[in-house]
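# Summary of structural features
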Amino acid sequence: MDFNLTDDQEMIRNAARRLTEQVLQPLLQSEEKDKPLSKLVMNEIFSHLSEFGITAMRLPEEHGGSGISMVDYGLVIEELPPVIALSLISHDGSTARISAGASQALREKYLEDLISGKKIACTATSEPAAGSNSNAIQTKLEVDGDIARIKGLKMWITNASVADLFIVTCTSGSDENGKPCNHRVIVDRDTAGIDVTDIPLTGLRQGHLSEVHLDNVEVPISQLVGEPGDAGKYMTLMWNGNRPLLGLSSLRIAREAFYLTQNHCQNRQQFGRSLSEMQLVQNDLSEIETLIESARLLCFKALHVIDSGE
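Right, let's walk through the structure included here. What you see is a predicted model, and the numbers here were worked out from it, not measured in a lab.

Within the protein chain, the secondary structure is distributed over seven helices and ten strands. The globule rule puts the C-alpha radius of gyration for 310 residues at 19 Å, and the 21 Å found for the protein chain is close to it. In terms of overall dimensions, the protein chain has C-alpha extents of about 80 × 40 × 40 Å along its principal axes. Relative to its full complement of 310 residues, the protein chain shows a buried share of 45%. Across the protein chain, every contact between residues at least 6 apart in sequence was considered, and the portion connecting residues at least 24 apart equals 72%. When the accessible surface of the protein chain is totalled, it reaches about 15,600 Å², and 50% of it is carbon and sulfur. For the protein chain, the distance from the average position of its 28 positive side-chain charges to the average position of its 43 negative side-chain charges is 4 Å.

Bringing the nonpolar core into the picture now. As a rule of thumb, nonpolar side chains are buried together in soluble globular proteins. In terms of nonpolar packing, the biggest core is built from 41 residues, with I45, L49, Y73, I77, L80 and L88 touching the most fellow members. Secondary structure elements with two or more residues in this core: α1 (7-29), α2 (39-52), α3 (70-77), α4 (82-99), α6 (231-267) and α7 (279-307). Excluding residues within four positions of it along the chain, Y73 makes contact with M57, R58, I68, L88, I89, D92 and L245. In terms of nonpolar packing, the next biggest core, distinct from the first, is built from 19 residues, L141, I150, V168 and V219 among them.

Between its first and last C-alpha, α7 extends 42 Å over 29 residues, near the 42 Å set by a 1.5 Å rise per residue. Looking at α7, one finds that the buried residues are V281, L285, I292, C299, F300 and L303. The elements touched by buried residues of α7 are α3 and α6. With its phi angle positive at about 85°, G309 sits one or two positions after the end of α7.

A word on α1. Look at α1: 32 Å from first C-alpha to last across 23 residues, which is about the 33 Å you get at 1.5 Å a residue. Helix geometry: α1 is bent most strongly at T20, by close to 45°. Listing the buried residues of α1 in full gives Q9, I12, R13, A15, A16, L19, T20, L24, L27 and L28.

This part is about the side chain of S87. Inspection of the secondary structure assignment puts S87 in helix α4. Among the polar contacts made by the side chain of S87, one reaches the side chain of N159 at a distance of 2.7 Å. Excluding its chain neighbours within four sequence positions, the residues that come into contact with S87 are M42, F46, T158 and N159.

It is worth spelling out the pairing of strand β4 (residues 165-174) at this point. For β4, the buried fraction is high: seven of the ten residues fall into the buried class. The sheet contact formed by strand β1 (residues 121-124) and β4 spans four bridges and is parallel. Residue pairing for β4: T123 is matched across the bridge by I167. As defined by bridge partners, β4 adjoins strand β5 (residues 180-188) across eight bridges and the pair is classed as antiparallel. From the neighbouring strand, I167 faces β5, where its bridge partner is I186. Between β4 and β5, which pair antiparallel one after the other, the connecting turn spans five residues, and G178 there sits at a positive phi close to 85°.

Once that is clear, we can look at the packing of aromatic side chains. In this structure the tally under the stated criterion is one aromatic pair. For the pair F258 and Y259, a centre-to-centre distance of 6.1 Å together with 50° between the ring planes defines the contact as tilted. When its relative accessible area of 46% is taken as the criterion, Y259 is described as partly exposed.

Note that T139 resides in the loop between β1 and β2 (140-144). Within the local environment of T139, its side chain forms a polar contact with the side chain of K154, the two groups lying 3.5 Å apart. Setting aside residues no more than four positions away along its own chain, T139 makes contact with E127, I150, K151, G152, L153, K154, T169, C170, T171 and L214.

Further remarks concern the pattern of salt bridges. Counted under the stated rule, the structure contains 15 salt bridges. Here K35 and E32 are joined by a salt bridge, their closest N and O atoms 3.7 Å apart. Across the salt bridge formed by E78 and R296, the nearest N and O atoms sit 2.8 Å from each other. Placement of E78 in the loop between α3 and α4 and of R296 in helix α7 is noted, with a sequence separation of 218 residues between them. A residue is classified by how much of its surface remains accessible, and R296, at 22% relative accessible area, is partly exposed. If you follow the salt bridges from partner to partner, you end up with E78, R255, E289, E293 and R296 in one network.

Rules used throughout
- Residues numbered from 1 in each chain as written.
- Predicted model: local features only at pLDDT ≥ 70, side-chain atom pairs only at ≥ 80, totals over all residues.
- Heavy atoms only, no water.
- Helix = DSSP H or I, 4+ residues; strand = E, 2+ residues; numbered from the N terminus.
- Rg over C-alpha atoms; globule rule 2.2 N^0.38 Å.
- Buried < 20%, exposed > 50% of the residue type's maximum accessible area, 1.4 Å probe, protein only.
- Contact = heavy atoms within 4.5 Å.
- Areas by Shrake-Rupley, 256 points an atom, 1.4 Å probe, with all protein chains shown as cover.
- Lys, Arg positive; Asp, Glu negative; His and termini not counted.
- Charge placed at Lys NZ, Arg CZ, Asp CG, Glu CD.
- Core = buried A, V, L, I, M, F, W, Y, C linked by side-chain atoms within 4.5 Å.
- Expected span 1.5 Å × (residues − 1).
- Bend = angle between axes of the 7 residues up to and from the residue.
- Polar contact = N/O pair within 3.5 Å; in protein donor to acceptor, adjacent residues only side chain to side chain.
- Pairing = 2+ DSSP bridges.
- Phe/Tyr/Trp six-rings, centres within 6.5 Å; stacked < 30°, edge-to-face > 60°.
- Salt bridge = Lys/Arg side-chain N within 4 Å of Asp/Glu carboxyl O.

Below, the structure written as structure tokens:
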């Protein structure tokens, strides 16, 4: 196994680093650090992410996706500010879920704006009593002629308060074999009956996490995506990629905390010498760095497995 980056991977990583330092970090600093980023700034951020070509990383190339590997995606993610990486992963995964099994008309209606960053997407699956278990979803879907009605509560939805588009997981009951019949439905944010409430955050306070109330939200049945019962399948496919990507973003935070600790130990004097000269402190620092690096390698191994089709 070759752990050295290719020239192209070095170029991608360095470009993502410059994007963060020169564009994204200044935008974050222009906003209040303890409040969710404004919709205006989020739109500007996504326009920059689109210019960089990373708003639809997991979308097939024939539908406008970037076509780069998940490993390369991970190299980009770990260079982005975590609050932006979290939003991007939600948007990108939602875009792929919207496209998978969608009609050509739906792709033509939505994908261009999602790829260009003009619209932000989110996935509304998790619920208070179900978590992320799609088979336990209670949000109801009722079809009446050409209209579908959605009623339920979604919880812990990333991007919801700034999203223009939701891909909602809901259920119409069970099939003849007793298997839950789950659906994916595209819902525009300005549809009547949607109420979004921010959830206060302990960390990443500039991010967006919300509960979403859907009160008999009506959409055309043409907004249903794919086949009944496939919602869990596509959610799993996306979240299998989300987990190592979010792991890399979390490890960026851990790495920055480690650097701060290392700097403190080098400058803090105790008993006539710096903390970094003390063997017990050296042992703690080396153990922390080992844990961070091993976790990073595990995340990239998972992304490599996805690239390999396993």
